[in-house]
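Understanding the architecture of this molecule
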Amino acid sequence: MSFNSLSDVVKAVKEKTAAYESTEPKELHDIRTGTFAVGTNNQYFTNLDFVNGMLRDQSMYTWYPLLLTFQDERFTLEQCCALVHRFDYAYSNYLRYSGLQEMGAFAEAITKYLPTAGSRDEAVEAVKAFLGYLNRLAAWSFHYFPWSIGKHLTYETPEGSIAALADPSRRVQIRDGQKVRLTWEPLGISVIAYLATKENPELCNDLIQALPFTVVQDHAVVSGESMYAWAPVVSTAKVNVKERQCDAPVGRIRYSQGTGNKVIVQYGEVTEDIATPVLGEILPEYADDIYKVGRAVLESNFGDKKLIMLTIELA
């Protein structure tokens, strides 16, 4: 890849990000199938494992904080650009070696041309673009990771452990907001939800501006009966209202800006007690429908890997 300016890099990054909304990147496919042959003792699982974990941390816990730093006027652009190399290089260089050569080239170019940005806004736009690209890579890596290995590492759930965490009195009440439709194909299941446009207007507006979109639906692998999808959005919007996940009702829709900009739908019990921004709520009459979706998505993530696509649109 050859670039002559920051705008050239951003344009190329955005084009690839859009292409990857519905198509798995070839480099990730080659890594997960062993076509890209890296790994001690003629096995590729360790490389696959490293790539999945490092992509997660690079996108969620490196570039999202970097974006917030670029938006923070207490830091000069020169300081922000210095931090990019300081915090990203270990990730992008190792992941380049591990098979993500396109990402490595983009990271090198972004690092090179960010100091040439004519304004803070231009720099923020470039960082947002690259973060959106990383989020899309992380989404595909997560989906195809062999989570079925976990079936061999099970435990006995202590009786009542989930119920002991929940405090329904702390649930957020959603007043009538913007109505949206969520549809899962090929399941043929569609539901109606209200967004928290009065409770978290800035956050909801970021999502609404991106509608409609269709992305891969995935399932939580730690917290319980919830599923999430990486939205084609990079939001740093102000959040007024959060809710502990274990307190939330069935049908709650959350949004996690800091862990990939994910839309999260809760369809049953969740153990995680971390508070997450409230995005909306699926109407109660669809509880059985979203349970069916949740179980199908669980099988997709831990089993057959068949794609289930989520479309969100205004209703």
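Heads up: these notes are all about the structure in this document. What you see is a predicted model, and the numbers here were worked out from it, not measured in a lab.

Concerning helix 4 (residues 77-97)
Across its 21 residues, helix 4 extends 29 Å between first and last C-alpha, which sits within 8% of the 30 Å expected from 1.5 Å per residue. Along helix 4, the sharpest kink reaches roughly 55 degrees, centred on D88. All of the buried residues along helix 4 are C80, C81, V84, D88, S92 and L95. Considering only its buried residues, helix 4 is in contact with helix 3 (45-71) and helix 5 (101-113). Trailing helix 4 by a residue or two, G99 shows a phi angle of about 125 degrees, which is positive.

Re the side chain of S235
With respect to the element layout, S235 can be found in the loop between strand 5 (224-230) and strand 6 (242-244). Leaving out residues up to four positions away in the same chain, S235 has contacts with Y64, L203, D206, Y255, Q257 and N261.

Looking at a nonpolar patch on the surface
A contiguous nonpolar surface patch, about 290 Å² in accessible area, is contributed by F45, I149 and L153. Here L153 lies in the loop between helix 6 (120-144) and helix 7 (161-165).

Details of the pairing of strand 1 (residues 179-185)
With six bridges joining them, strand 1 and strand 2 (residues 189-195) adopt antiparallel strand pairing. Paired with R181 across the two strands is I192, which belongs to strand 2. Where strand 1 folds back on strand 2, the antiparallel hairpin that results is connected by three residues, among which G188 adopts a positive phi of roughly 70 degrees. Examined bridge by bridge, strand 1 and strand 10 (residues 309-314) share six bridges and lie antiparallel to one another. By the bridge assignment, R181 is partnered in strand 10 with E313.

Analysis parameters
Residues numbered from 1 in each chain as written. Predicted model: local features only at pLDDT ≥ 70, side-chain atom pairs only at ≥ 80, totals over all residues. Heavy atoms only, no water. Helix = DSSP H or I, 4+ residues; strand = E, 2+ residues; numbered from the N terminus. Expected span 1.5 Å × (residues − 1). Bend = angle between axes of the 7 residues up to and from the residue. Buried < 20%, exposed > 50% of the residue type's maximum accessible area, 1.4 Å probe, protein only. Contact = heavy atoms within 4.5 Å. Patch = residues over 30% accessible without salt bridge, like charges linked within 9 Å, V, L, I, M, F, W, Y side chains within 5 Å. Areas by Shrake-Rupley, 256 points an atom, 1.4 Å probe, with all protein chains shown as cover. Salt bridge = Lys/Arg side-chain N within 4 Å of Asp/Glu carboxyl O. Pairing = 2+ DSSP bridges.

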